[in-house]
Amino acid sequence: MDLDDIAARLGVPVAEVERVHRLAGDRPSAPLPAKADAPAILDRLAVPPDDAAEIMAGWPDPDSPLWTPELRWLLDRSTALVRADLGGHDWLPPGPELPRDRGLAWRHLYVYAYLALVDVVTAYHRDHGISDAVSWTTLADLGRNLAVDRRMRGEGWPVMQSWLTLHARGGVYELGRLQHQRGGTAIGLHIPEAGPLTPKSIDASLDEARAFFPRHFPDEHYTAFSCGSWLLDPQLLDYLPEDSNIIRFQQRFELEPHEQLEGLDADVEVLRFAFRTLTTPLDQLPHGTALQRAIVTHLQAGHHWQWRTGRFPL
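Computed from a prediction, not measured in an experiment: that's the story for all the values here.

Calculation rules
- Residues numbered from 1 in each chain as written.
- Predicted model: local features only at pLDDT ≥ 70, side-chain atom pairs only at ≥ 80, totals over all residues.
- Heavy atoms only, no water.
- Axes fitted to C-alpha atoms, helices over the stretch in contact; angles between N-to-C directions.
- Helix = DSSP H or I, 4+ residues; strand = E, 2+ residues; numbered from the N terminus.
- Parallel < 35°, antiparallel > 145°, perpendicular 65-115°, else oblique.
- Left-handed = near helix turned anticlockwise from the far one by under 90°.
- Contact = heavy atoms within 4.5 Å.
- Nonpolar A, V, L, I, M, F, W, Y, C, P; charged D, E, K, R; others polar.
- Buried < 20%, exposed > 50% of the residue type's maximum accessible area, 1.4 Å probe, protein only.
- Pairing = 2+ DSSP bridges.

A.B. asks: If you had to explain the packing of helix α2 (residues 14–24) against helix α5 (residues 69–84) to someone new, which residues and values would you point to?
C.D. replies: Where α2 contacts α5, the axes come no closer than 8 Å and their chain directions differ by 50°. Taken together, the axes of α2 and α5 lie oblique to each other. In this structure, α2 meets α5 at a crossing whose hand is left-handed. Taking contact as the criterion, the partners of V17, R19, V20, H21, L23 and A24 in α2 are, on α5, W73, L74, R77, S78, A80, L81 and A84. Its residues placed into classes, the contact of α2 with α5 shows 9 nonpolar, 2 polar and 2 charged.

Laid out in structure tokens, this is it:
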């Protein structure tokens, strides 16, 4: 099969297949775990039962009719692409967005790539002295994202498939309430869906990171924590009390000047994270929390939210 044929069979632009081919090259892929071991691994990765059942039903057995040659090629090469950047910490799409309604192999192809990389990245963690507890807590973000995608009826996965390559390369670590991303001079903070952002839980997570990175990555030198999020939008001050967890989280940061990032719509990101939907009409969104009411009121008034970045010293 040539690349044009693969792209046509996958129904994706040939440029995206060429990118996978170029970045993967002839580098080695990684084998899937034994199918008999997969249920226990999926459980450790916090994969919900409905998704685990689908993943097992669509398993890439050698004789599976679900797995066409082009899908097997993409699974092998996307796994090699991610593995080739082991230790990397930049955004890395593993391959083209697939029409996931075509079957279980299509729906979960990048999940299988993630599973194939579990042994690779946990070995990387061990080489850096990282505990199994941190490894599995971090990697279990797979289950959290699959659950969110199910709630979003598949609207969330195109972003998630790239986000999860950070975990599979050792680029991000979940330490308490926050996820911490390596790279540059600042540790990037991410906020998983895991309860309230209390100052106590944030302080504990930051303290853990202050000890974690010098211990496990002594050659990397960080001077600050950074974050990019709509949660840093100062317009939230117009709606939320100053002692709210979100506002107190904002107040830790010195904001950089606002600029519109290409390809990022803050209104879309607000809906993605606050409501887990991109298509529900505003007047049908829930109003159960002060944050939800603020978001809807702001958008209904014709205003827009901002994606802001900020940092504070380590």
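What follows picks up the thread again.
A.B. asks: Outline the pairing of strand β2 (residues 178–181), supporting the account with residue identities and numerical values.
C.D. replies: Burial along β2 is two-sided: the face carrying L178 and H180 and the face carrying Q179 and Q181 are both buried. Across 4 bridges, the pairing between strand β1 (residues 172–175) and β2 is antiparallel. Among the inter-strand pairings, E174 is bridged to a residue of β2, identified as Q179. Following β1, the chain reverses through 2 residues before pairing antiparallel with β2; G176 in that reversal takes a positive phi of roughly 70°. As paired strands, β2 and strand β3 (residues 186–190) are joined by 3 bridges and run antiparallel to one another. Paired with Q179 across the bridge in β3 is H190. Between β2 and the antiparallel strand that follows it, β3, lie 4 residues; G183 among them carries a positive phi value of about 130°.

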